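Given next are the chains, with one letter for each unit.
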Amino acid sequence: MSAQQLNEQAWNAFGRHHLDSGTVLLDAVRIDWALSAAGPGTEVLGPLEGRRVLDLGSGTGRHAAHLARDHQALVHAVDSSAWQHQRAVSAYGHLPGLHFHLADALDHLASAEPYDVIYAVNSLPFMAPHEALAAIADALAPGGLLAFSVLHTPSDRRPPSTTVTPRPETLRLRGGEDLTVHMYVLTSQLWEDLAVEAGLRVNEVITIESPDDSNPVSYRLFLTHRA
Ligand SMILES: C[S@@+](CC[C@H](N)C(=O)[O-])C[C@H]1O[C@@H](n2cnc3c(N)ncnc32)[C@H](O)[C@@H]1O
């Protein structure tokens with residue numbers, strides 16, 4: 001089975017577990033790019049009213065719902081996990097200006113009208129980076145913005161990889177068994193090189209550390225534009 005198929009299986013198990021457990025979704029009041037309330041929020045996306053926005057790997061749809069509801073953006077949200085999609089549609093499917101798509105990110109990008117803004121909160125590391133970044137660059141309107149956050153240091157402190165190779169990471173299920181996912185946990189330089197190769201200009205790379213000193217987990221947020 002490919003890394004992508006294994007990830008889809010894991011995210012289906014994750015979504016199913018939360019549906020079965022009746023996990024209550026809390027509405028988002030900002031985009032949390034990494035850990036809750038750490039680092040910058042929605043403002044890095046600039047003005048959003050009336051803009052065509054894509055949430056790539058949207059999960060429960062909390063962030064997409066926040067942009068449609070609180071910023072009047074026209075939001076499309078795509079996720080390949082049937083159970084994550086179901087959670088999103090049940091919670092937020094009624095909101096005006098918000099459309100959920102159950103699809104693989106690359107398939108959606110290949111057939112979509114151009115977006116002004118595409119963002120991905122910790123979902124790009126589950127996709128093959130060369131293909132995903134090239135497809136995103138093609139799906140952005142000229143000058144369009146791509147913002148994406150990625151895991152940089154996991155809790156076991158393993159450093160990021162210097163080659164474009166996925167590696168197993170543990171997805172913790174509260175009240176359930178741990179799941180294994182296959183992630184691209186890459187150095188910032190490598191993500192930058194991949195973005196530039198895809199035709200994107202990297203404006204800023206922001207480090208987001210855990211506010212808890214004993215937690216080594218660290219993320220990077222990339223703000224880029226279609227060149
Ligand atoms: C860590 S979760 C992040 C969810 C959401 N962005 C958030 O912040 O709440 C990663 C999500 O990416 C989705 N995903 C992974 N690979 C994907 C792909 N190739 N196409 C679409 N969605 C994908 C998973 O199903 C999962 O819901």
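A few points on the structure. If you're wondering where the values come from, they're calculated on a predicted model, not measured in any experiment. (Residues numbered from 1 in each chain as written. Predicted model: local features only at pLDDT ≥ 70, side-chain atom pairs only at ≥ 80, totals over all residues. Heavy atoms only, no water.)

### Some details on the pairing of strand S7 (residues 179-183)
Right, so step 1: Here S7 shows a clear split, with Leu179, Val181 and Met183 buried on one side and none of Thr180 and His182 buried on the other.
Right, so step 2: As paired strands, strand S6 (residues 167-171) and S7 are joined by 5 bridges and run antiparallel to one another. Counterpart to Arg167 in the pairing with S7 is Met183. (Buried < 20%, exposed > 50% of the residue type's maximum accessible area, 1.4 Å probe, protein only. Helix = DSSP H or I, 4+ residues; strand = E, 2+ residues; numbered from the N terminus. Pairing = 2+ DSSP bridges.)

### Examining the pattern of salt bridges
Right, so step 1: All told, the structure shown has 8 salt bridges when counted by the stated rule.
Right, so step 2: Here Asp20 makes a salt bridge to Arg16, at a shortest N to O gap of 3.3 Å. Of this pair, Asp20 and Arg16 both sit in helix H1 (residues 3-21), 4 residues apart, which is roughly one turn of the helix.
Right, so step 3: Under the relative-accessibility criterion, Asp20 is labelled exposed at 57%. (Salt bridge = Lys/Arg side-chain N within 4 Å of Asp/Glu carboxyl O.)

### Brief notes about the site of the ligand
Right, so step 1: Near the ligand, the surroundings consist of 17 residues, among which Gly57, Asp79, Asp104, Ala105 and Val121 are the closest.
Right, so step 2: Between Asp104 and the ligand, the recorded distance is 2.8 Å, taken from a side-chain N or O atom to a nitrogen atom.
Right, so step 3: Val121 has a polar backbone atom sitting 3.0 Å from a nitrogen atom of the ligand.
Right, so step 4: When the ligand is considered free in solution it has 600 Å² of accessible area, and contact with the protein chains removes 88% of it.
Right, so step 5: Classifying every residue of the shell around the ligand by side-chain character gives 6 nonpolar, 9 polar and 2 charged. (Near = heavy atom within 4 Å. Polar contact = N/O pair within 3.5 Å; in protein donor to acceptor, adjacent residues only side chain to side chain. Areas by Shrake-Rupley, 256 points an atom, 1.4 Å probe, with all protein chains shown as cover. Nonpolar A, V, L, I, M, F, W, Y, C, P; charged D, E, K, R; others polar.)

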